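# Observations on the model geometry
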Amino acid sequence: NQSLEHSVLERTRELQEANERLKELSITDPLTGLYNRRHFQNHLQEIWELAKRNHATISIIMCDIDHFKEVNDHYGHMMGDQVLKEVGSVLKNSLKRATDFLARYGGEEFIIVLYDTDISAARELCTAVQNNLKAIDGFAYQEATIPPITLSFGIGSMVPNERNRFEHLIKMADCALYQAKEQGRNRIVLFAEDDR
């Protein structure tokens, strides 16, 4: 009986560990190890409701690696993957608070959700990321080395209420990012909206 009971407990523990690994895989981007877009959307929905109850500001930063297609075209996709991993690491290491959330949004885009953070504090984070990227001499993969990488940033910020939706906040950040790209890249563009 004890042997059977021990086997059942051991098997139960193994199944729980396997389920935890599967859950982690379902919310993680396999290349960068960051959260994936699906988990970002779930997280934003939860944090949105919290901010609505607490009348707190949410800021979203969308950032995109400048001239990434040229990296892939000139140095190959393996170098592109290396750049994505290292930029993801720089972004992650630039975050300061446990509530700061980072995900790979898709392709060469990343997204950051900052709870209880106004647009000026979000801009400061973008500046810190720019400085951290400048500190890297270049990106290397096997024999190839490429010059420093820059990011373009779009920031949206608002206090959630009954009249707005989190999709609008994403759109604000996306529009700001588009403007940053249009203005020559390696820029931080803000799109703030008053709580009306």
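Conventions adopted
- Residues numbered from 1 in each chain as written.
- Predicted model: local features only at pLDDT ≥ 70, side-chain atom pairs only at ≥ 80, totals over all residues.
- Heavy atoms only, no water.
- Buried < 20%, exposed > 50% of the residue type's maximum accessible area, 1.4 Å probe, protein only.
- Helix = DSSP H or I, 4+ residues; strand = E, 2+ residues; numbered from the N terminus.
- Arc of directions from axis to C-beta.
- Contact = heavy atoms within 4.5 Å.
- Disulfide = S-S within 2.5 Å.
- Expected span 1.5 Å × (residues − 1).
- pLDDT = per-residue confidence, 0-100.

## Some thoughts on helix α3 (residues 68-75)
Within α3, burial applies to Phe 68, Val 71 and Asn 72. Mapping the buried residues of α3 onto a view down its axis gives an arc of 95°, with all of them on the same face. More than 90 degrees from the buried face of α3, the exposed residues found are Lys 69, Glu 70, Asp 73 and His 74. As for α3, its buried residues are in contact with β1 (58-65), α4 (77-94) and β5 (144-146). Directly after α3, the chain includes Gly 76, whose backbone phi takes a positive value near 100°.

## Brief notes about the state of the cysteines
In a disulfide, the sulfur atoms of two cysteines are held together by a covalent bond. Going through the model one piece at a time under the given rule, you end up with zero disulfides. The structure places no disulfide on Cys 63, whose sulfur is separated from the nearest cysteine sulfur, that of Cys 126, by 7.0 Å. For Cys 63, a relative accessible area of 0% corresponds to the buried category. Of all cysteine sulfurs in the structure, the one in Cys 126 sits closest to Cys 175, which takes part in no disulfide; the separation is 16 Å.

## A look at helix α5 (residues 119-134)
If you check α5, its first and last C-alpha atoms are 23 Å apart, about what 16 residues at 1.5 Å a residue would give, namely 22 Å. When α5 is considered as a whole, its buried residues turn out to be Ile 119, Ala 122, Leu 125, Cys 126, Val 129, Gln 130 and Leu 133. Buried residues of α5 fall within an arc of 145° about the axis and therefore sit on the same side. Exposed and facing more than 90 degrees away from the buried side of α5 are Glu 124 and Lys 134.

## Details of the side chain of Ser 152
As for its placement among the helices and strands, Ser 152 is situated in strand β6 (residues 151-158). The exposure class of Ser 152 is buried, given its relative accessible area of 0%.

## With respect to the confidence of the model for the chain
Per-residue confidence for the chain gives a mean pLDDT of 91, with 96% of residues at or over 70. Highest mean pLDDT in the chain belongs to strand β3 (residues 109-115) (98); lowest belongs to strand β4 (residues 139-141) (77).

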